[in-house]
Every structure is written in C-alpha cells, then in structure tokens.
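# Architecture and fold: a report
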Amino acid sequence: MNQLLKTALLAVALVGTTSHSLLAQEEFDDEESKKVVPIDKRYQTEVNALVKLPAVQAAFKRFAELEPQTKKTLITLTEIPAPPFKEEARAKAYAAMLKEAGADSVWIDEVNNVLAKKKGRSGQKTVVVEAHLDTVFPAGTDVTVKQKGDTLYAPGIGDDTRGLTAVMTVLAGMKHANIQTDADVLFIGAVGEEGLGDLRGVKHLFRPGGPKIDSYIAVDGLGISNITHRSLGSHRYRITFKGPGGHSYGAFGIANPHGALGKAIYYFTVDADKFTRQGIKTTYNVGVIGGGTSVNAIPFESRMEVDMRSESPERLKTIDAMLQAAVQRALKEENAMKRRGPDLTVEVKLVGDRPSGRTEATTPLVQRAMAVTKYLQAEPKLSASSTNANTPIANGVPAITIGSGGTGGGAHSLNEWWLNDKGVLGMERILLLLLTEAGVAR
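Here the residue index of a chain counts from 1 through its sequence in written order. Only residues with pLDDT of at least 70 are given local features in this predicted model, and only at 80 or more are side-chain atom pairs given and counted; all residues enter the totals for whole chains, interfaces and linings. Excluded from the side-chain calculations are hydrogens and water; all other atoms, namely the structure's heavy atoms, are used.

### Structural notes on the overall build of the protein
Only DSSP runs of H or I reaching four residues or more are called helices, and only runs of E reaching two or more are called strands; each is numbered from the N terminus. When helices and strands are counted, the protein shows 14 helices and 19 strands. Relative to the 2.2 N^0.38 estimate, which gives 22 Å for 442 residues, the radius of gyration of the protein is 24 Å and therefore close to what a compact globule would have. Here the C-alpha coordinates of the protein stretch approximately 85 × 50 × 40 Å along the principal axes. Summary of the burial criterion: residues with accessible area below 20% of their type's maximum are buried, those above 50% are exposed, and those between are partly exposed, where the area comes from a 1.4 Å probe applied to protein chains only. Relative to its 442 residues, the protein shows a buried fraction of 53%. Throughout, the Shrake-Rupley method with a 1.4 Å probe supplies accessible areas, and for residues the shown protein chains are the sole cover considered. Of the accessible surface of the protein, which amounts to about 19600 Å², a share of 54% is contributed by carbon and sulfur atoms. One finds the centroid of the 53 positive side-chain charges in the protein at a distance of 1 Å from the centroid of its 49 negative side-chain charges. Based on C-alpha atoms, the radius of gyration is set beside the globule rule, defined as 2.2 Å times the residue count to the power 0.38. The charged-residue count follows a simple rule in which Lys and Arg add positive charge and Asp and Glu add negative charge, with His and chain termini not counted at all. Charged groups are reduced to one reference atom each: NZ for lysine, CZ for arginine, CG for aspartic acid, CD for glutamic acid.

What follows is the structure, given as structure tokens:
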C-alpha cells in the first residue's frame, strides 16, 4: 500500500473525531458540573502564601526563560512516533530529558512507563505528576511538526505531548530554583492511555507491589480551567458470532452469524435505551461492525465492538449485563432458526475496562486545584472524563486531571494544533498544585 493511500485511509478513519477540549465539554456539560462548589478559604490562603516564596517566583521566572527551549522540546518529542503499544523510542528520549531536567533518579519500568524521582525531605508521602506518552496514531503516520504563524501543527502535539513537555519543564524550574519538597515526587510519562491501551501504564503503577503513591496529578488536555475529578468508567467489548459459512444458495439453511449480530444489537439497544433515559448519565454505542466476504456467501463470522460508559460503577455493571443477555438471547434464537448444520458460537472479549469513581470536590487536592486556578485568574471548571486519573481514583488515591496550558484543537486528527497562548501559566499551575500537595521543605 503506498503512502498516499495510507494517509487517505487514516484521514477517513479519523473523520468525525473531536478535539479533546470539545470532548471534555460534552462530558462535563451535565447538571453536577454546573453546580457552584465553594473554595475553602484556607486553601486560597495556602496558595497566596506559597506564591510569595522567592523560590517559587524564581521558578516562575525560569518557566518564562525556558519558553524557547520548551518549544524545541515539544517539537522534538512530537516527532518521535509513539503509536499504541509502541512507545519505547519516545520513552527512552523522555527519560533522558527528565534526567537532564534535574531528577535524582530515572528508570523505565517493565511496560515502558518512565519514572523520574525527586526526593523529598521526609519522603513520608509520594505525589505523582504524570502525562501520557502514547498517541492514537498508527505507525507510519507523518508526525512532522509544521508551523504557521505562531501555531504548531502535528498529530499528537497537544494530546499529550504538550503535557509531557509541561511536566518536564516544571521539574527543570524546580531544579533551577532549588525547590525541595517535603514529600517525594514522581514525574511520570505513562504508556497506554489512549483507546485500547486501556490505561495499561497507570494500571501497572497500581499493581500489587508497585510504587507507593499518595496523591496523583495527571496532566492531559489544554488550558488552565478544567479539573477532572470524576472518572468516567467504560466497558468495551469485541463480540464475534462464528459459524461454518457457505454458499448463499447451496448452504441455505445453516445458521447465519449476521442474523445473530442483528438480533443482539436490537435486543441490547432496546433495553439500554429504556435504562439510560433516567438516573446517572450512562451511555452505549455500537461503534464497529464487520464480517462477511460476498453478497452470495453466508458469512463465517460477524463481529461488533461496543462501548458503554458511566460514572456509576453500579449502572455500568447493569448495562453490561444487558449486553451479555442480549448476546445470549440472539445466539439461542438464531440457532433455533437453522435448518441444518452446526450451531453458531460466540466469543465475547473484553477489550477495555476503565474504572469509575470520583475524588470529592471537598477533598484537599480538588480544593487546592480550584484555589490555584482562581489565583491564576481563571474560573475552575469541575468535570467528568476518562483519563489516567481513573485508576488511582478507583484505588482510593486522591487524583485529578488538569490541562497543560495554551490552547489547541483537532485532537485525534491529522490536523491537530497547539498555540502558545499564555502557555507558561500551565506550568505555574502544575507547580503550585504540586507544592501544595507535596509541601515545601524550608
């Protein structure tokens, strides 16, 4: 297949995808997100005292001085492909960058997560600041950065390469200003956030025997307003009905996998529609269907991929059960209709499992994020989304996701772009939130 055809097919595959900022808007545009959550004054006092420290002001100044280098780093990392499950090259480059930025130790774990530790004075607590290494783009995608005016264009430049760059620059600013925290800090580049990566990098961090983590700040998305504190869980399945297949005339009467698939979709969507019309928002989608070889051939398999999402673990479990029941009902009915030949079988494979949960808006981490956002003269916007924060939240660890600064759009498309519109505020926000969580050693 020539490169032109590859590009055309990728463009078709990505048509209709939406920027991260718009997706987030759709996800937090619910009644709970519209509620006004007060900020406890003690956290605003904490932030106001923190920004007066000479070392913090020195770090802010350093962020501004590093802007040209930060841009170069963003371009360099963007142009290192990091397709799903193939993040090794970018991981190695990012590990070297974190070491140069001032980490005390850097290592790459078994799944290619990059971890850089900055030791705290007491080390009694560990705070994570993380961005994800992977992009949604397959191997062979042209990731060359192009500049038009002040805007940078390239697949993955905002999601989440800008996040990686911001995290590294925060570390460099802390090193320059000689800021030591009380807690240990892990600066992490995680694999597998996107799509079928299924949060595998962060799931590995939270494996039994994994590193001790007490607080988790994920950096994903842009701007300085959004605070994702509610994790949108999802179950994703690839369901395949299988049969012998045969000639549409000569083998007529054998069970048809397409018939079973059609019934399964119908039974599931009828029940799911009723269920999702009330209660905590829960969604479902049959996003991919396929199978068959010819109009005059009974297919030997028929498949679909299904996505279900909810903030409520209980509702996600319920709609999942509806899907399973629909599949088994369809299988039984299609097999009952056959006139000859073997029964159909079905394979139900879980290909995505993202946990639901929340870090309450009253917890110190969320309150501090709101206070820092207010200090930077932005309006805090609490939201629900599916990010790397899902896993720590599900493990009982306070966690949120915040943006990396600047503005952009076209995430998950070939025309993704990022503009350095007061992007330095993104680093200031990350630093202030980190220091409120980790404490400043004095």
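### Details of the sheet that holds strand β18 (residues 407-409)
Pairing in this open sheet of 4 strands is antiparallel, and the strands run β4-β5-β19-β18 from one edge to the other. If you trace the sheet from one side to the other, it starts and ends with β4 (146-148) and β18, each paired once. Each strand axis lies, on average, 20° off the axis of its neighbour in the sheet, ignoring direction. When DSSP finds at least two bridges between two strands, those strands are taken to pair. Of the strand pairs in this sheet, β18 and strand β19 (residues 417-419) are connected by 3 bridges, and their pairing is antiparallel. Working convention: axes come from line fits to C-alpha atoms, limited for helices to the stretch in contact. Angles between N-to-C directions cover 0 to 180 degrees.

### Observations concerning the side chain of Arg-162
Mapping Arg-162 onto the fold places it in helix α8 (residues 157-177). The salt bridge definition used is simple: a Lys or Arg side-chain nitrogen within 4 Å of an Asp or Glu carboxyl oxygen. One buried charge, Arg-162, has no salt-bridge partner; the nearest side chain with opposite charge is Glu-67, at 5.3 Å. Residues count as neighbours in contact if any of their non-hydrogen atoms are within 4.5 Å of one another. Apart from residues lying up to four places away in sequence, Arg-162 is in contact with Thr-70, Leu-74, Ile-157, Leu-222, Ser-404, Gly-405, Trp-418, Gly-423 and Met-427.

### Some points on helix α6 (residues 67-78)
Take the residue count of a helix, subtract one, and multiply by 1.5 Å to get its expected span. For α6, spanning 12 residues, the distance from its first C-alpha to its last is 16 Å, which sits close to the expected 16 Å at 1.5 Å a residue. In this structure, the buried residues of α6 make contact with α5 (54-65), α7 (88-101), β5 (151-153), α8, β19 and α14 (424-438).

### Details of the packing of helix α4 (residues 41-50) against α14
For any two helices packed against each other, the geometry is given by the interaxial angle and the distance between the axes. Close contact between α4 and α14 brings their axes to 11 Å; oriented N to C, the two are set at 110°. In terms of orientation, α4 and α14 fall into the roughly perpendicular class. Between α4 and α14 lies a crossing whose hand is right-handed. Contacts between α4 and α14 involve Glu-46, Val-47 and Leu-50 from the former and Leu-432, Leu-435 and Thr-436 from the latter. Throughout, the ten residues Ala, Val, Leu, Ile, Met, Phe, Trp, Tyr, Cys and Pro are labelled nonpolar, Asp, Glu, Lys and Arg are labelled charged, and all others, Gly among them, are labelled polar. Tallied by class, residues from the contact of α4 with α14 come to 4 nonpolar, 1 polar and 1 charged. Angular relationships are summarised with four words: roughly parallel below 35 degrees, roughly antiparallel beyond 145, roughly perpendicular across 65 to 115, and oblique for the angles in between. If you view the pair so one helix is near and one far, a crossing is left-handed when the near helix is turned anticlockwise from the far one by less than a right angle, and right-handed when it is turned clockwise.

### As for the nonpolar core
Among soluble globular proteins, nonpolar side chains are generally buried collectively. Grouped together as the largest cluster of nonpolar side chains are 65 residues, with contacts concentrated most on Tyr-94, Val-129 and Phe-187. The element contributing the most residues to this core is α14, with 10 residues. Other than its neighbours up to four places away in sequence, Tyr-94 contacts Leu-77, Val-114, Leu-133, Leu-164, Val-167, Met-168 and Gly-189. Joining through side-chain atoms within 4.5 Å is the link that ties buried Ala, Val, Leu, Ile, Met, Phe, Trp, Tyr and Cys residues into a set, and such a set is a nonpolar core.

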